[in-house]
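Remarks on the overall topology
Here's the letter readout for the chains.
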Amino acid sequence: MDTIYIKDLEVFANHGVYPEEIKLGQKFVISADLSVDVRMAGLTDELEYSVNYGEVSHTIQDFLQKHTFKLIEAAAEGLAAELFCRYPLIRALRLEIQKPWAPVGLPLRTVSVEIRRSRHTVYIALGSNMGDKMAYLKEAVEKLSKLPGSSVKKVSDFIRTEPYGVTEQDEFLNGVLEMETLLTPQELLAQLHRIEAEANRERILRWGPRTLDLDILLYDDIVLEEDDLCIPHVEMHKRSFVLEPLAEIAPYKRHPVYGKTVREMLEEIQAQL
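What counts and how
Note on numbering: residues in each chain are counted from 1, in written sequence order. This being a predicted model, a pLDDT of at least 70 is required before a residue's local features are given, and a value of 80 or more before pairs of side-chain atoms are given or counted; all residues contribute to the totals for chains, interfaces and linings. As a rule here, side-chain values cover all heavy atoms of the structure and leave hydrogens and water aside. Helix numbering and strand numbering both begin at the N terminus, where a helix is a DSSP run of H or I of at least 4 residues and a strand a DSSP run of E of at least 2. For a helix, the expected span equals 1.5 Å multiplied by the residue count minus one. When accessible area is computed with a 1.4 Å probe and restricted to protein chains, residues below 20% of their type maximum are described as buried, those above 50% as exposed, and intermediate ones as partly exposed. The directions considered for the arc are those from the helix axis to the C-beta atoms. When checking whether two residues touch, look at their non-hydrogen atoms; a contact exists if any pair is within 4.5 Å. Think of it this way: DSSP has to see at least two bridges between two strands before they count as a pair. Lines fitted to C-alpha atoms define the axes here, with helix axes fitted over just the stretch in contact, and angles between the N-to-C directions of these axes take values from 0 to 180 degrees. Residues enter patches when their relative accessible area tops 30% and they take part in no salt bridge; the joining distance is 9 Å for like charges and 5 Å for the nonpolar side chains Val, Leu, Ile, Met, Phe, Trp and Tyr. For the area figures, the Shrake-Rupley method with a 1.4 Å probe applies, and any residue is considered shielded solely by the protein chains shown. Definition used for salt bridges: Asp or Glu carboxyl oxygen within 4 Å of a side-chain nitrogen of Lys or Arg. In this scheme, roughly parallel covers angles under 35 degrees and roughly antiparallel covers those over 145, while 65 to 115 is roughly perpendicular and the rest are oblique. Should the near helix be turned counterclockwise from the far one by less than a right angle, the crossing is left-handed, whereas a clockwise turn marks it as right-handed. For this scheme, ten residues count as nonpolar: Ala, Val, Leu, Ile, Met, Phe, Trp, Tyr, Cys and Pro. Four count as charged, namely Asp, Glu, Lys and Arg, and the remainder, Gly too, count as polar.

**Some details on helix H5 (residues 133–145)**
Taking 1.5 Å per residue, 13 residues should reach 18 Å; H5 reaches 19 Å between its end C-alpha atoms and fits that length. Every buried residue of H5 is accounted for by Lys133, Leu137, Ala140, Val141 and Leu144. Projected onto a plane normal to the axis of H5, the buried residues spread over an arc of 100° and lie on a single side. Close packing links the buried residues of H5 with strand S5 (120–128), strand S6 (150–155), strand S7 (159–161), strand S8 (172–181), helix H6 (185–198) and strand S9 (213–219).

This is the structure:
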């Protein structure tokens, strides 16, 4: 990925813990490294294929002057979200906010906060076998598309499948979607649980009936094992009702542990039937 650099942009703004910092304001120095694919811009000499660093510089100044934060950590986080929202070609960024001559009662030149953020590609499985199944799934897609710093890119067809695990229940409607998000895995999981709860999901019986089931299948190519979250989803390579819709929208996506494509894993299951 290519990089556009903005170094040492000076902005006078009102941020700080102390009242005098908010009232009087002070100088901040901002540097940003923007990961952008500029290949087409280089070949065509057209700005539409790149990010206008002049506009970005003014966006940084406007954001920091229109908002007030106690912490430069919060200023950096808010500014990063603003840049991702305003400039969809930015794939990742490094952002540093320096605070020269910070009031700490000791001689120093500057303090600063540096953060690195990026867009993440996530695949989420959706399922329902209670009530108006289609309505639950469509509402979930709509809510996922409205999560902070997120957008839904693809949605598979919804397929009817027999229940898995506990078989004495109604058939399921299942699908998979692809989304981009700035949320971390744990932040995204919390949002999925909230959306399930709003659909009156009750966690009473494992593999039991549910109004809405949302599972993170893949998150970039990370491998994560925590008490409440395992990525890739521990059962995805065994479930045709997951792999079939996933193969519709991402047939060549590889499992980060087994190294097989979604299509290959689906074909292996189908061969065993």
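From this point, the narrative continues.
**Remarks on the sheet that holds strand S1 (residues 3–13)**
In a beta sheet, neighbouring strands are held together by backbone hydrogen bonds and run either parallel or antiparallel to one another. Pairing is antiparallel across the open sheet formed by 4 strands, whose spatial order is S1-S2-S3-S4. Both edges of this open sheet fall to S1 and strand S4 (110–118), since each of them pairs with a single strand only. Averaged over all pairs of adjacent strands, the angle between their axes in this sheet comes to 15°, without regard to strand direction. Here 9 bridges tie S1 to strand S2 (residues 26–35), and the two strands are oriented antiparallel to one another. Each residue of the ladder has a partner; that of tyrosine 5, found in S2, is aspartate 33. Strands S1 and S2 of the sheet are contacted by helix H3 (residues 53–66), whose axis makes an angle of about 35° with S1. Sheet strands touched by helix H4 (residues 72–86): S2, strand S3 (92–100) and S4. Its angle to S3, the strand with the most contacts, is close to 145°.

**What about a nonpolar patch on the surface?**
Nonpolar side chains collect at one region of the surface, where Val17, Tyr18 and Leu71 lie side by side and expose about 280 Å² of accessible area between them. Locating leucine 71 in the fold gives a position in the loop between H3 and H4.

**Digging into the packing of helix H7 (residues 240–249) against helix H8 (residues 262–272)**
In the contact formed by H7 and H8, the axes pass within 9 Å of each other and the chain directions differ by 140°. It follows that H7 is oblique to H8 by the angle criterion. For H7 against H8, the interelement crossing comes out left-handed. Residues Ser240, Leu243, Glu244, Leu246 and Ala247 of H7 lie in contact with H8, whose contacting residues are Val262, Met265, Leu266 and Ile269. For the contact of H7 with H8, the per-class residue count stands at 7 nonpolar, 1 polar and 1 charged.

**Focus on the pairing of S3**
Within S3, 9 of the 9 residues are buried, leaving the element largely enclosed by the surrounding structure. Of the two faces of S3, the one holding Ala92, Arg94, Glu96, Gln98 and Pro100 and the one holding Leu93, Leu95, Ile97 and Lys99 are both buried throughout. Bridge count for S2 against S3 is 7 bridges, and the pairing is antiparallel. From the neighbouring strand, valine 29 faces S3, where its bridge partner is glutamine 98. Of the pairings in the sheet, the one linking S3 to S4 comprises 9 bridges and is antiparallel in character. The partner of arginine 94 across the bridge, within S4, is arginine 116.

**Considering the environment of isoleucine 159**
As for its position among the elements, isoleucine 159 is in strand S7. Along the sequence, isoleucine 159 and valine 104 sit 55 residues apart, while their C-alpha atoms lie 61 Å from each other. In contact with isoleucine 159, other than residues within four places in its own chain, are Phe172, Leu173, Asn174, Phe241, Glu244 and Pro245.

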